Amino acid sequence: MARCEQGYLCDVCGEDVEAITESDLYLRYVLGEVSPLALPTMRERHIRCNPATAQYIVDEAFAPVRCQGMFAKDLLDPEQVKEQESKITRAWRRLQEIPRLGIAIPDYPLPEVLAAWRALNDR
Ligand SMILES: [Zn+2]
């Protein structure tokens, strides 16, 4: 395949985003922050290249990322940080499983995200 047809270069470091398991875009899709319609139009990024989100991934398999500046979690409310850590870590673990699960893109998001989207559509 030609280079341009791959087209998933990281918006931050310019390197290939080779696998879905390292994609910040898909992580945010699993979290429900990116809608299915917006997915094909958004820029790709490595999870590690977006420290504002990556700092909340707490897992032995993920080398911790520190975020500097105003979004650093050390500066935020500990309760809020705990909530974010639990949600984003869960989304990251799901993302790591997706290649093995053999599911379609519409089924990637966390169960509560899918439920919320369904509720919106049923209205
Ligand atoms: Zn990158």
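Structure: see above.
Residues numbered from 1 in each chain as written. Predicted model: local features only at pLDDT ≥ 70, side-chain atom pairs only at ≥ 80, totals over all residues. Heavy atoms only, no water.

Honestly, the coordination of the zinc ion in this entry has me stumped. Any pointers?
By definition of the ideal shapes, four donors in a tetrahedron about a metal sit 109.5 degrees apart, and six donors in an octahedron sit 90 or 180 degrees apart. Taken together, the protein donors to the zinc ion comprise Cys10 (SG), Cys13 (SG), His46 (ND1) and Cys49 (SG), at separations of 2.1 to 2.3 Å. Around the zinc ion, the four donor atoms sit at angles spanning 100 to 118°, and that spread fits a shape best called tetrahedral. Every donor residue of the zinc ion comes from the same chain, spaced as C-x2-C-x32-H-x2-C. Separated by 36 residues along the polypeptide, Cys10 in the loop between α1 (3-6) and α2 (24-30) and His46 in the loop between α2 and α3 (51-54) bring together distant segments of the chain. Classification of His46 as buried rests on a relative accessible area of 12%. (Donors = N, O, S within 2.8 Å, 3.2 Å for Na, K, Ca; no water. Tetrahedral: all angles 85-135°; square planar, octahedral: opposite > 155°, others 65-115°. Helix = DSSP H or I, 4+ residues; strand = E, 2+ residues; numbered from the N terminus. Buried < 20%, exposed > 50% of the residue type's maximum accessible area, 1.4 Å probe, protein only.)

Sorry, what's going on with the pattern of salt bridges here?
If charged atoms from side chains of opposite charge come close, those side chains can pair. All told, the structure shown has eight salt bridges when counted by the stated rule. Across the pair Arg90 and Glu112 runs a salt bridge, and its minimum N-O distance is 2.7 Å. Of the two residues, Arg90 is situated in helix α4 (residues 78-101) and Glu112 in helix α5 (residues 111-122); the sequence distance between them amounts to 22 residues. With a relative accessible area of 38%, Arg90 lands in the partly exposed category. Bridged by salt links that share partners, the residues Asp24, Arg28 and Arg45 form one connected network. (Salt bridge = Lys/Arg side-chain N within 4 Å of Asp/Glu carboxyl O.)

Where do I start with α4 in this structure?
The terminal C-alpha atoms of α4, which comprises 24 residues, lie 33 Å apart, in line with the 34 Å expected from a rise of 1.5 Å per residue. Along α4, the sharpest kink reaches roughly 25°, centred on Leu95 and followed within four residues by the proline Pro99. All buried positions along α4 are accounted for by Val81, Glu85, Ile88, Thr89, Ala91, Trp92, Arg94, Leu95 and Ile98. In this fold, the buried residues of α4 make contact with α2 and α3. Just downstream of α4 lies Gly102, where phi reads positive at about 60°. (Expected span 1.5 Å × (residues − 1). Bend = angle between axes of the 7 residues up to and from the residue. Contact = heavy atoms within 4.5 Å.)

How should the side chain of Asp24 be read in this particular structure?
If you trace the backbone, Asp24 turns up in helix α2. When sequence neighbours within four positions are dropped, the list of residues in contact with Asp24 reads Glu44, Arg45, His46, Ile47, Asn50 and Thr53.

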